[in-house]
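Structural overview for review
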Amino acid sequence: MRWWDIDPVLELERALFPEDAWSRGMFWSELAHARGPEATRRYLVAEQDDRIVGYAGLASSGDLADVQTIAVARDHQGTGLGGRLLTELLRAATAFECAEVMLECRIDNVRAQKLYERFGFEAIGFRRGYYQPGNVDALVMRLTTTSDSGSAAGPTSVQGTETHG
């Protein structure tokens, strides 16, 4: 993801998450930490026909990474794109030498939970009222990486869709 991707990403963000969409400033702040030798973030977009159809981001700190966001346009859900984006984030976590990857998922987003479980994430707790303003609980999930596991299993390509980090 680059600065010029922020406006189309915001459009998708607002369509998918109208109650708790990230702001332009939040994306700018994350991207500020995604470049250079001291980078602690990895953000990418997926495009098809010059349209952003998905995006994802990861933050790292020490040996811990946190999936900040994954979003897929409604007309691309169920195509494997979410798995491909997650695969790229897990590769970034490996590059950052993180031993664990954490994430929060809306308790009512069963589809996303099933994706994370396929990649080896396990539920470890809840965060009450995490998603505001809707006061929706978050399921906290963790993936512990091992040196012999490589990247997580799952789809590695989606025809007609490119990812750019």
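See the structure printed just above.
This brings us to the overall build of the protein. Helix and strand counts for the protein stand at 4 helices and 7 strands. Its helices and strands taken in sequence order, the protein reads α-α-β-β-β-α-β-α-β-β-β from the N to the C terminus. Buried residues in the protein amount to 44% of all 165 residues. Put simply, 61% of the contacts in the protein that link residues at least 6 apart link residues at least 24 apart. Only carbon and sulfur atoms are counted for the fraction: they give 47% of the accessible area of the protein, which is about 8900 Å².

This part takes up the pattern of salt bridges. Working definition: two side chains of opposite charge can pair if their charged atoms are close together. On inspection of all chains with the given rule, the structure shows 8 salt bridges. Here R51 and D75 are joined by a salt bridge, their closest N and O atoms 3.0 Å apart. Of this pair, R51 sits in strand β2 (residues 51-61) while D75 sits in the loop between β3 (64-72) and α3 (81-95); the two residues are 24 residues apart in sequence, bridging distant segments of the chain. For E100, the salt bridge goes to R142, with nearest N and O atoms at 3.9 Å. Placement of the pair is E100 in strand β4 (residues 100-106) and R142 in strand β6 (residues 136-144), with a sequence separation of 42 residues. We classify E100 as partly exposed; its relative accessible area is 27%. According to the relative accessible area criterion, R142 is partly exposed, its value standing at 31%.

Let us now look at the layout of surface pockets. By volume, the largest pocket is sized at about 1100 Å³. Along the wall of the largest pocket there are 35 residues; nearest its centre are F17, I70, N109, A112 and Y116. For the lining of the largest pocket, the secondary structure elements donating two or more residues are α1 (6-16), β3, α3, β4, α4 (110-118) and β5 (122-131). Among the elements that take part in the lining of the largest pocket, β3 stands out by supplying 7 residues, more than any other. Its residues assigned to classes, the lining of the largest pocket comprises 16 nonpolar, 10 polar and 9 charged.

The subject of this paragraph is a nonpolar patch on the surface. A contiguous nonpolar patch, built from W3, W4 and W28 and spanning about 420 Å² of accessible area, is present on the exposed surface. The residue W3 is located in the segment before α1 in this model. Looking at W3, the relative accessible area reads 53%, which means it is exposed.

This next bit is on the environment of V53. If you trace the backbone, V53 turns up in strand β2. By relative accessible area, V53 is classed as buried at 0%. Each C-alpha atom of the pair V53 and L12 lies 7.8 Å from the other, and the pair is 41 residues apart in sequence.

This part covers the nonpolar core. Among the nonpolar cores identified, the biggest contains 43 residues, and L86, V101, Y116 and F121 are the most heavily contacted of them. Looking at which element gives the most residues to this core, the answer is α3, with 7 residues.

Orientation of α1 relative to helix α2 (residues 24-32), taken along the N-to-C sense of each, is 130°, at an axis distance of 10 Å. Here α2 runs oblique to α1, going by the angle between their axes. Along this stretch, α1 crosses α2, giving a crossing that reads as right-handed. For the pair α1 and α2, contact is made by I6, D7, V9, L10 and E13 and by R24, F27, W28 and L31, respectively. A per-class count over the contact of α1 with α2 returns 6 nonpolar, no polar and 3 charged.

Parameters and conventions
- Residues numbered from 1 in each chain as written.
- Predicted model: local features only at pLDDT ≥ 70, side-chain atom pairs only at ≥ 80, totals over all residues.
- Heavy atoms only, no water.
- Helix = DSSP H or I, 4+ residues; strand = E, 2+ residues; numbered from the N terminus.
- Buried < 20%, exposed > 50% of the residue type's maximum accessible area, 1.4 Å probe, protein only.
- Contact = heavy atoms within 4.5 Å.
- Areas by Shrake-Rupley, 256 points an atom, 1.4 Å probe, with all protein chains shown as cover.
- Salt bridge = Lys/Arg side-chain N within 4 Å of Asp/Glu carboxyl O.
- 1 Å grid on protein atoms, 1.4 Å probe; cavity = no way out; pocket = protein on both sides within 12 Å on 5 of 7 lines; lining within 4 Å.
- Points joined across faces, edges and corners; volume = space filled by probe spheres on them.
- Nonpolar A, V, L, I, M, F, W, Y, C, P; charged D, E, K, R; others polar.
- Patch = residues over 30% accessible without salt bridge, like charges linked within 9 Å, V, L, I, M, F, W, Y side chains within 5 Å.
- Core = buried A, V, L, I, M, F, W, Y, C linked by side-chain atoms within 4.5 Å.
- Axes fitted to C-alpha atoms, helices over the stretch in contact; angles between N-to-C directions.
- Parallel < 35°, antiparallel > 145°, perpendicular 65-115°, else oblique.
- Left-handed = near helix turned anticlockwise from the far one by under 90°.

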